[in-house]
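Take a look at the letters that make up each chain.
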Amino acid sequence: QLQLVESGGGLVQPGGSLRLSCAASGLTLDRYAIGWFRQGPGKEREGVSCIKSDGGSTYYTDSVKGRFTISRNDAKNTAYLQMNSLKPEDTADYYCAVDLDTLGSNCRHLDPVGFGSWGQGTQVTVSS
């Protein structure tokens, strides 16, 4: 059973940075595409970023391109989301999950329906 735990969230001022971590246990992450998702107050869950199993392909929703960077360290069984130039609109609970398709076909679409093994989430608040 694959379990994911997110960490690294917190309160940050606009323009600041945070680095989120997604630590896996039970199984290794090396064969999974990994996605980051977020759900703001009163909003639907949306895909933020995804990285393929080989680390060679990454995808981002338009609103975070140029500001966020997804990465993975399979030796540590962990994925990361580096968030820079944070804006109040980034305020949300952030979740990681794995692509349910072993081929990683959901990664580029960033649709939560195609992902599973959801973590508990970590809260990010961007406010002055």
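Residues numbered from 1 in each chain as written. Predicted model: local features only at pLDDT ≥ 70, side-chain atom pairs only at ≥ 80, totals over all residues. Heavy atoms only, no water.

Participant: Please clarify how the packing of aromatic side chains should be interpreted in this entry.
Facilitator: For any two aromatic rings, the description comes down to two numbers: the centre-to-centre distance and the angle of the planes. Tallying each qualifying case throughout the model produces three aromatic pairs. Their ring planes at 70° and their centres at 4.8 Å tell us that phenylalanine 37 and phenylalanine 115 sit as a pair that is edge-to-face. Highlighted residues: phenylalanine 37 in strand E4 (residues 34-39) and phenylalanine 115 in strand E10 (residues 115-116), separated in sequence by 78 residues. Under the relative-accessibility criterion, phenylalanine 37 is labelled buried at 0%. What makes phenylalanine 115 buried here is its relative accessible area of 4%. The ring of tyrosine 95 has arginine 45 sitting right over it, with the charged end atom 4.0 Å from the ring centre. Stacked on the ring of tryptophan 118, the Lys or Arg arginine 45 has its end atom at 4.7 Å from the ring centre. (Phe/Tyr/Trp six-rings, centres within 6.5 Å; stacked < 30°, edge-to-face > 60°. Helix = DSSP H or I, 4+ residues; strand = E, 2+ residues; numbered from the N terminus. Buried < 20%, exposed > 50% of the residue type's maximum accessible area, 1.4 Å probe, protein only. Lys NZ or Arg CZ within 6 Å of the ring centre and 35° of its normal.)

Participant: How should I be thinking about the pattern of salt bridges in this particular structure?
Facilitator: A side chain of one charge can pair with a side chain of the opposite charge if their charged atoms are brought near each other. Summed over the entire model, instances satisfying the criterion amount to five salt bridges. Linking aspartate 90 and arginine 38 is a salt bridge whose minimum nitrogen-to-oxygen distance equals 2.9 Å. Of the two residues, aspartate 90 is situated in the loop between strand E8 (78-83) and strand E9 (92-99) and arginine 38 in strand E4; the sequence distance between them amounts to 52 residues. Classification of aspartate 90 as buried rests on a relative accessible area of 0%. Overall, the relative accessible area of 4% leaves arginine 38 in the buried class. Taking the shortest distance from any N to any O, the salt bridge between aspartate 90 and arginine 67 comes out at 2.8 Å. A residue pair is termed long-range when its members are at least 10 positions apart, and aspartate 90 in the loop between E8 and E9 and arginine 67 in the loop between strand E6 (58-60) and strand E7 (68-73) qualify at 23 residues. Take arginine 67: its relative accessible area is 10%, and that puts it in the buried class. Members of the salt-bridge network, linked through shared partners, are Arg38, Glu46, Arg67 and Asp90. (Salt bridge = Lys/Arg side-chain N within 4 Å of Asp/Glu carboxyl O.)

Participant: Please clarify how the pairing of strand E5 (residues 46-51) should be interpreted in this entry.
Facilitator: Most of E5 sits out of view: five of its six residues are buried. Two strands pair when backbone bridges link them, and E4 and E5 are joined in this way by five bridges, in the antiparallel orientation. Across the sheet, the residue bridging to phenylalanine 37 is glycine 47, located in E5. With antiparallel pairing between neighbouring strands as the criterion, E4 and E5 make up a hairpin whose turn holds six residues, including glycine 42 at a positive phi of roughly 70°. In terms of strand pairing, E5 meets E6 through three bridges, oriented antiparallel. Looking at the pairing, serine 49 lines up with tyrosine 60 of E6. Hairpin geometry of E5 and E6 is characterised by an intervening segment of six residues between the two adjacent antiparallel strands and by a positive phi of about 75° at glycine 55. (Pairing = 2+ DSSP bridges.)

Participant: I'm lost on the sheet that holds strand E3 (residues 18-25) in this one. Help?
Facilitator: By way of backbone hydrogen bonds, the strands of a sheet pair with one another, either parallel or antiparallel. Judged by pairing direction, the sheet is antiparallel, and its four strands sit side by side in the order E1-E3-E8-E7 without closing on themselves. Edge positions in the sheet fall to strand E1 (3-7) and E7, since each of these pairs with one other strand and no more. Neighbour to neighbour, the strand axes of the sheet diverge by 15° on average, direction disregarded. Sheet topology places E1 next to E3; five bridges connect them, and they run antiparallel. Bridge assignment links leucine 4 to a residue of E3, and that residue is alanine 24. (Axes fitted to C-alpha atoms, helices over the stretch in contact; angles between N-to-C directions.)

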